[in-house]
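Observations on the model geometry
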Amino acid sequence: MAEAKKGFGLTNEDLASHPMTFAPGTLSGQRAVISGGAGGIGRATAWLFARLGAEVIITGRKTEKIAPLVEALEGAGHAARGEALDIRDRDAVDSFWDSCFAEGGVDHLINSAGGQFPSPAIDFTPKGWDAVINTNLNGTWHMMQAVALKWRDAGRGGNIVNIVVVTTGGLYGVAHTLAARSGVIGLTRAVSVEWAPLDIRINCVAPGAIETEGWDVYSEEARAAYPKSNPMMRVGTAWDIAQACAYLSAPSGRFVTGEVMAVDGGGQHWGETWTTGKPDYFKT
């Protein structure tokens, strides 16, 4: 079975056997698209949804990152396929959904694609700012609207879960992603009302300090402080986020829309996360 790189986060072997809250078959007969599916949270969600019986379609910009996950899922007996997709390219997004609905449509979209880099906001370059906004906000919107149009035209409903971050305070060093994800939250709340008559539900899951393989971009000082960033004094895992996505996508979430589910150990109420390391000024 293909493995994620060693270090931070959960391996494919971990995800294939991790205890589940929901019963196998909960999502049987359903199809789920997971953007950014090769990343830590997306990969965990792909495994959970597949183990719950869904056929999963994993997208990402690089085929070589998607292929090992698809191979691992298929090797475990699950229905999965992957497709390279740049969510910033609306024409490519529309073409992707055309092919999905030509094959019978989908039931769930988990918007997990995104990216950012730790940096003081005053040092952002225009290129760096645009890269994060185009992926995390514009790309998420392209996927949301394009599938909603397909659901509307097909006369069927659907479910969208947007992975964001906790934006209510206490997260520093990634102001560009806070701006983008705040936009996604605003969009989610607005269209949850507009799209309710179409039987389209849409919610956000907002992770706090979650250990994934992407942690290697942060400094050792920053990582060491993450467990102390919330009143539970520990970090979460990608599986915690996947379980939240499953709750919102399973029958348990049938009467939930327009919400932001924070999975952060209470960090939005007490705590702080400095992705660039806490400045001496605030330490004193």
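Criteria and cut-off values
Residues numbered from 1 in each chain as written. Predicted model: local features only at pLDDT ≥ 70, side-chain atom pairs only at ≥ 80, totals over all residues. Heavy atoms only, no water. Helix = DSSP H or I, 4+ residues; strand = E, 2+ residues; numbered from the N terminus. Rg over C-alpha atoms; globule rule 2.2 N^0.38 Å. Buried < 20%, exposed > 50% of the residue type's maximum accessible area, 1.4 Å probe, protein only. Areas by Shrake-Rupley, 256 points an atom, 1.4 Å probe, with all protein chains shown as cover. Lys, Arg positive; Asp, Glu negative; His and termini not counted. Charge placed at Lys NZ, Arg CZ, Asp CG, Glu CD. Pairing = 2+ DSSP bridges. Right-handed = clockwise from strand over helix to strand, strands pointing away. Axes fitted to C-alpha atoms, helices over the stretch in contact; angles between N-to-C directions. Contact = heavy atoms within 4.5 Å. Core = buried A, V, L, I, M, F, W, Y, C linked by side-chain atoms within 4.5 Å. Parallel < 35°, antiparallel > 145°, perpendicular 65-115°, else oblique. Left-handed = near helix turned anticlockwise from the far one by under 90°. Nonpolar A, V, L, I, M, F, W, Y, C, P; charged D, E, K, R; others polar. Phe/Tyr/Trp six-rings, centres within 6.5 Å; stacked < 30°, edge-to-face > 60°. Expected span 1.5 Å × (residues − 1). pLDDT = per-residue confidence, 0-100.

Examining the overall build of the protein
- Secondary structure assignment for the protein yields nine helices and 11 strands.
- In summary, the protein has a C-alpha radius of gyration of 18 Å against a globular reference of 19 Å for 284 residues, a match within 12%.
- In terms of its C-alpha atoms, the protein occupies a principal-axis envelope of roughly 60 × 40 × 35 Å.
- The buried share of the protein, taken over its 284 residues, is 48%.
- As presented, the protein carries roughly 12700 Å² of accessible surface, and 53% of it is formed by carbon and sulfur atoms.
- Side chains of the protein carry 24 positive and 30 negative charges; the gap between the two charge centres is 2 Å.

Quick word on the pairing of strand β3 (residues 80–84)
- In terms of strand pairing, strand β2 (residues 55–60) meets β3 through five bridges, oriented parallel. Of the residues in β3, the one forming a bridge with Thr-59 is Glu-83.
- What joins β2 to β3 is helix α3 (residues 63–75), and the crossover it makes is right-handed.

Description of the sheet that holds strand β1 (residues 31–35)
- Across the sheet, seven strands lie side by side as β3-β2-β1-β4-β5-β7-β10; this open sheet has parallel pairing. On the outer flanks of this sheet lie β3 and β10 (260–263), each paired with one strand and no other. Averaged over neighbouring strand pairs, the angle between their axes works out to 20° when direction is ignored.
- Relative to strand β4 (residues 108–111), β1 runs parallel, the two sharing four bridges. Looking across to β4, one finds that Val-33 is bridged to Leu-109.
- Helix-sheet contacts for helix α6 (residues 175–194) involve β5 (158–163), β7 (200–207) and β10, and the interaxial angle to β7 is about 155°.

With respect to the nonpolar core
- Grouped together as the largest cluster of nonpolar side chains are 39 residues, with contacts concentrated most on Phe-49, Val-56, Ile-58, Leu-73, Ile-163 and Val-205.
- Contributing elements (two or more residues each) for this core: β1, α2 (40–51), β2, α3, β5 and α8 (238–249).
- Considering every element that reaches this core, the biggest residue donor is α8, with eight residues.
- If we skip the residues at most four places from it in the chain, Ile-163 touches Ile-41, Ile-110, Asn-111, Ser-112, Arg-181, Val-205, Pro-207, Ile-241 and Cys-245.
- Counting 23 residues, the second-largest nonpolar core is a separate cluster that includes Ile-87, Cys-100, Phe-101 and Ala-113.

Remarks on the packing of helix α5 (residues 126–154) against α6
- The interhelical angle for the contact between α5 and α6, taken along N-to-C directions, is 20°, at an axis separation of 8 Å. Classified by the angle between their axes, α5 and α6 sit roughly parallel to one another. Every pair of crossing elements has a handedness; the one defined by α5 and α6 is right-handed. For the pair formed by α5 and α6, the contact residues are Gly-128, Trp-129, Val-132, Ile-133, Asn-136, Leu-137, Thr-140, Trp-141 and Met-144 on the first element and His-176, Thr-177, Ala-179, Ala-180, Arg-181, Gly-183, Val-184, Leu-187 and Val-191 on the second.
- For the contact of α5 with α6, the per-class residue count stands at 11 nonpolar, six polar and one charged.

Observations concerning the packing of aromatic side chains
- Summed over all chains, the structure comprises eight aromatic pairs.
- Relative to Trp-129, the ring of Phe-124 has its centre 6.2 Å away and its plane inclined at 45°; by these criteria the two rings are tilted.
- For Trp-129, a relative accessible area of 35% corresponds to the partly exposed category.
- Through a chain of ring-to-ring contacts, the aromatic side chains of Tyr-172, Trp-274, Tyr-281 and Phe-282 assemble into a single cluster.

Observations regarding α2
- In a regular helix each residue adds 1.5 Å, so 12 residues correspond to 16 Å; α2 covers 17 Å between its end C-alpha atoms and thus fits that length.
- Most of α2 sits inside the fold, with 12 of its 12 residues counted as buried.
- Three or more residues of α2 are buried, namely Gly-40, Ile-41, Gly-42, Arg-43, Ala-44, Thr-45, Ala-46, Trp-47, Leu-48, Phe-49, Ala-50 and Arg-51.
- Downstream of α2 by one or two residues, Gly-53 has phi in the positive range, about 105°.

A closer look at the confidence of the model for the protein
- Within the protein, residue pLDDT values average 93, and 98% of them lie at 70 or more.
- Overall, residues 1–5 carries pLDDT values under 50, and its contacts beyond four positions in sequence, including any with other chains, amount to 18 contacts.

Description of the side chain of His-142
- As for its placement among the helices and strands, His-142 is situated in helix α5.
- Excluding residues within four positions of it along the chain, His-142 makes contact with Ile-87, Arg-88, Arg-90 and Val-93.

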